[in-house]
Each structure stands twice: as structure tokens, then as C-alpha cells.
Amino acid sequence: MQKGQGVVSFSFDDVPASACHIGAVLLELYQARGTFYICGSLTDGVEQNQPCHSVDDLKRLIDNEHEVGCHTFSHTNCANASGADLASDWERNQAFFKQHGIHNQGFAFPFGAYDLGSKLAAARRFSYSRITGGGTQTGRADLYALKAQSLYSSTTNVEELHGLIHHTARKGGWLILYSHEVSDNPGPWGTTPALLETALRLATQEGCHLLPVNRAIDYFLA
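Attention in this report is confined to the structure presented alongside it. (Residues numbered from 1 in each chain as written. Predicted model: local features only at pLDDT ≥ 70, side-chain atom pairs only at ≥ 80, totals over all residues. Heavy atoms only, no water.)

**Observations concerning the environment of Val-213**
By the element assignment, Val-213 lies in helix α7 (residues 213–221). Beyond its immediate stretch of four places on either side in the chain, Val-213 contacts Ser-9, Thr-35, Tyr-37, Glu-67, Tyr-128, Leu-146, Trp-174 and Ile-176. (Helix = DSSP H or I, 4+ residues; strand = E, 2+ residues; numbered from the N terminus. Contact = heavy atoms within 4.5 Å.)

**Side note on the packing of aromatic side chains**
For the structure on display, the rule yields ten aromatic pairs. Note on Trp-174 and Phe-220: the rings are 5.7 Å apart at their centroids and 40° apart in plane angle, and the pair reads as tilted. Highlighted residues: Trp-174 in strand β9 (residues 174–179) and Phe-220 in helix α7, separated in sequence by 46 residues. Under the relative-accessibility criterion, Trp-174 is labelled buried at 2%. Residue Phe-220 is classed as buried on the basis of its relative accessible area, which comes to 13%. Ring-pair connections join several aromatic residues into one group, and the members of that group are Trp-90, Phe-107, Phe-109, Tyr-114 and Phe-126. (Phe/Tyr/Trp six-rings, centres within 6.5 Å; stacked < 30°, edge-to-face > 60°. Buried < 20%, exposed > 50% of the residue type's maximum accessible area, 1.4 Å probe, protein only.)

**What to know about the side chain of Ser-18**
Of note, Ser-18 is situated in helix α1 (residues 17–29). Here Ser-18 is in contact with Gly-23, Gln-50, Glu-181 and Val-182, once residues within four sequence places are set aside.

**Focus: the nonpolar core**
Core analysis: the largest hydrophobic core is formed by 47 residues, its most contacted members being Val-8, Phe-10, Trp-90, Phe-107, Leu-177, Leu-196 and Leu-200. Here this core gets six residues from one element, more than from any other, and that element is helix α6 (residues 193–205). Once residues within four sequence positions are removed from consideration, Leu-196 is found in contact with Phe-10, Phe-12, Gly-23, Leu-26, Leu-27, Leu-151, Val-182 and Thr-191. Grouped together as the second largest cluster of nonpolar side chains are 17 residues, Ala-108, Tyr-128, Ile-176 and Ala-216 included. (Core = buried A, V, L, I, M, F, W, Y, C linked by side-chain atoms within 4.5 Å.)

**Some words on the packing of α1 against helix α2 (residues 55–63)**
In the contact formed by α1 and α2, the axes pass within 9 Å of each other and the chain directions differ by 35°. Crossing handedness for the pair α1 and α2: left-handed. Residues Ala-17, Cys-20, His-21 and Ala-24 of α1 form the contact with α2, whose own contacting residues are Asp-57, Arg-60 and Leu-61. A breakdown of the residues in the contact of α1 with α2 according to their chemical character gives four nonpolar, one polar and two charged. (Axes fitted to C-alpha atoms, helices over the stretch in contact; angles between N-to-C directions. Left-handed = near helix turned anticlockwise from the far one by under 90°. Nonpolar A, V, L, I, M, F, W, Y, C, P; charged D, E, K, R; others polar.)

Keep in mind that these numbers describe shape and distance, not what the molecule does.
Set out below in C-alpha cells:
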């Protein structure tokens, strides 16, 4: 990771409908695109009292050049699943994507939970895997355990967020942010439009590239 200019990626897990609508629109206002990690079992459903994405939402994201990735079909804890169960769950999600003509190449571990076996299995199937863990990646990044920083309104301190983004810009690093819904009254794993826009504004002011995860990888490997 020796490009000299920092990168900030915005990602959304499970993908409530608000992430596809409010979240995607805010990103586009800043000429940014995000990565949306989908569980096929949640499509047209409800999670944590939040309406989830539809197939039309996903197609609209793709048409607008966002990235759609895999988050297992059933939001499976990969650290606890057998190899056979995990493979079956991945296949169900891939069948969902294929049914709707949705290409995907990246993966995010639900809960950020993985072990060595699931990490190696994901590496054989996907071009990269994202975990949680927090902080900025500088110098090197593990393509099959890309760490990400939560952007939850309930826990995010704006001064600390600014510090992370400034560090990313100064070190030419890569900061991946993640959340779930985008709402004025989010749950514990969601963000407000105001906080998302603050992160976008700070990253822009610091001169960072705003890239979805797959394009950030292409940027650093070019």
C-alpha cells in the first residue's frame, strides 16, 4: 500500500433499505460509491425492526456503480459453522445472486467472526474478505481479513473519527467504515445521515479517495 494518498471506503452490512436509499444518495453527492454486503435471506424482509433491501434496490445500486458483496445467505457466524454448512450457505447466496443477475466477488464475515478454516475457505471462493477489528490499514493489508471501523452513531466520537481519517490521509492508508441502517433514529448498529455526511466531508477535506472496497483493492494493486 504505497500510493501516497489515503483511501476511505464506506460499507453497509445486512443492508437495510435506508442504506440503499439515504446512504447511497449521500455517497453519490460526494462522488463516492459504497460496498453493500447482502444476505439473500434478508431480501424484502425485516431485521431489527428495519425494512431490508429489495432486489430492485440492489439493481439500482449496481446501475449507479456501487459494489454488491456477499454476507452469507443466513447471516451465518462463520467461526462456529462447519465447513460443509458454510459452503452450503455461500452456495445459497450465490444462487440468489445468479437468479437476479448480480455479480459479486467480495465477502464480509457476519459479526466479523471467523477462524482459520473459514478464512481459508473464503479465500478460495472470494477475491477478498472483510472483518471488523477497527482502525486504519497502513503499509500492508491482509486481503482475506480486511479490518473495518464501525460508524455507529451510538459509539462514534466525531473527534476520534476525524483523527482516524487524518491518519489515513497522512499515512496513505486505507480506512474501511461500516454500518447498517442510515436513519435519524438508528438502532445500536446504525448511523445517522448527519454522521455519514460528516465522515464523507472529512474524508473529502483530507484529500482521500472515496472508493468501494473492490476498487480500493484495484487502486492499491495497480
